[in-house]
Amino acid sequence: HLSVFNQMERTFIAIKPDGVQRGLGFAQQHYHGAKERPFFNGLCNFLSSGPVVAMVWEGEGVIRYGRKLIGATDPQKSEPGTIRGDLAVVVGRNIIHGSDGAETAKDEISLWFKPEELVSYTSNAEKWIY
Ligand code: RTP
């Protein structure tokens, strides 16, 4: 099989149950704005219940446009064509999160990532796409 990488290999990584459960304090920090809401404990338990895929997106207007792609908080109110509108059903299981403003984005990114974990790159696409 043709590959540009010489030393491709695979390794097995497993997050063991304690690794997932220890997310609880972290979840409380992430949702600190919702501390007084009746669903706070359930929400934190849910965020800690399994692995999550955490990402930072970068681009012009990406905070607002990211929210647009995600759709309204309540999937019953989100438009078809949005991630929640197409794939989610109830508000407590709305499958995806996106920061709601510049301040929150800054706080959330620094909570989830160390600066050196963020990659910024300039596309080389013109070399590869004809
Ligand atoms: P998001 O950024 O995730 O779109 O949510 P939001 O800030 O617009 O909504 P917020 O009211 O702060 O709620 C945060 C998350 O809590 C869950 N939720 N559950 N059981 C309920 O009634 C209820 N309401 C909200 C949702 O998962 C929501 O994304």
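Before any of the text, the structure's been laid out above.
Keep in mind that this is a model prediction, so the values were computed, not measured.

**Student:** Explain the site of the ligand here, please?
**Tutor:** The environment of the ligand is formed by R37, F39, L43, R67, T73, R84, V91, N94, H97 and G98. Contacts to the ligand include R84, whose side-chain N or O atom sits 3.2 Å from an oxygen atom. Between the ligand and the protein, one listed contact pairs an oxygen atom with a backbone N or O atom of V91 at 3.1 Å. In the complex, the protein chains occlude 74% of the 570 Å² of accessible area that the ligand would expose alone. Residues belonging to the shell around the ligand are distributed by class as follows: three nonpolar, four polar and three charged.

**Student:** Help me understand the pattern of salt bridges, please; the structure alone is not making it clear to me.
**Tutor:** Pairing between side chains of opposite charge can happen when their charged atoms approach one another. Scanning the model with the defined rule gives one salt bridge in all. K77 is paired through a salt bridge with D74; the nearest N and O atoms lie 3.7 Å apart.

**Student:** Looking at this model, I keep getting lost on unusual backbone geometry. Mind explaining?
**Tutor:** Trans is the common state for peptide bonds, and a negative phi is the common state for residues other than glycine. A positive phi angle, near 55 degrees, is found at I95, a position not held by glycine. On the secondary structure map, I95 appears in the loop between α5 (83-87) and α6 (102-112). Classification of I95 by relative accessible area gives exposed; the value is 52%.

**Student:** I tried to follow the side chain of S78 on my own but got confused; where do I start?
**Tutor:** Along the chain, S78 falls in the loop between α4 (62-70) and α5. Polar contacts involving the side chain of S78 include one to the main-chain carbonyl oxygen of P75, which spans 3.0 Å. Residues contacting S78, with those up to four places away along its chain left out, are G71, A72, R84 and G85.

**Student:** Can you walk me through the nonpolar core in this structure?
**Tutor:** Nonpolar side chains in soluble globular proteins tend to end up buried together. One finds A27, Y31, A34, F40, L43 and C44 forming the largest nonpolar core, which totals six residues. Tallying contributions element by element places helix α3 (residues 40-47) first for this core, with three residues. Not counting residues up to four positions away in its chain, the partners in contact with Y31 are F40, L43, L47 and H97.

About the criteria used
Residues numbered from 1 in each chain as written. Predicted model: local features only at pLDDT ≥ 70, side-chain atom pairs only at ≥ 80, totals over all residues. Heavy atoms only, no water. Near = heavy atom within 4 Å. Polar contact = N/O pair within 3.5 Å; in protein donor to acceptor, adjacent residues only side chain to side chain. Areas by Shrake-Rupley, 256 points an atom, 1.4 Å probe, with all protein chains shown as cover. Nonpolar A, V, L, I, M, F, W, Y, C, P; charged D, E, K, R; others polar. Salt bridge = Lys/Arg side-chain N within 4 Å of Asp/Glu carboxyl O. Helix = DSSP H or I, 4+ residues; strand = E, 2+ residues; numbered from the N terminus. Buried < 20%, exposed > 50% of the residue type's maximum accessible area, 1.4 Å probe, protein only. Contact = heavy atoms within 4.5 Å. Core = buried A, V, L, I, M, F, W, Y, C linked by side-chain atoms within 4.5 Å.

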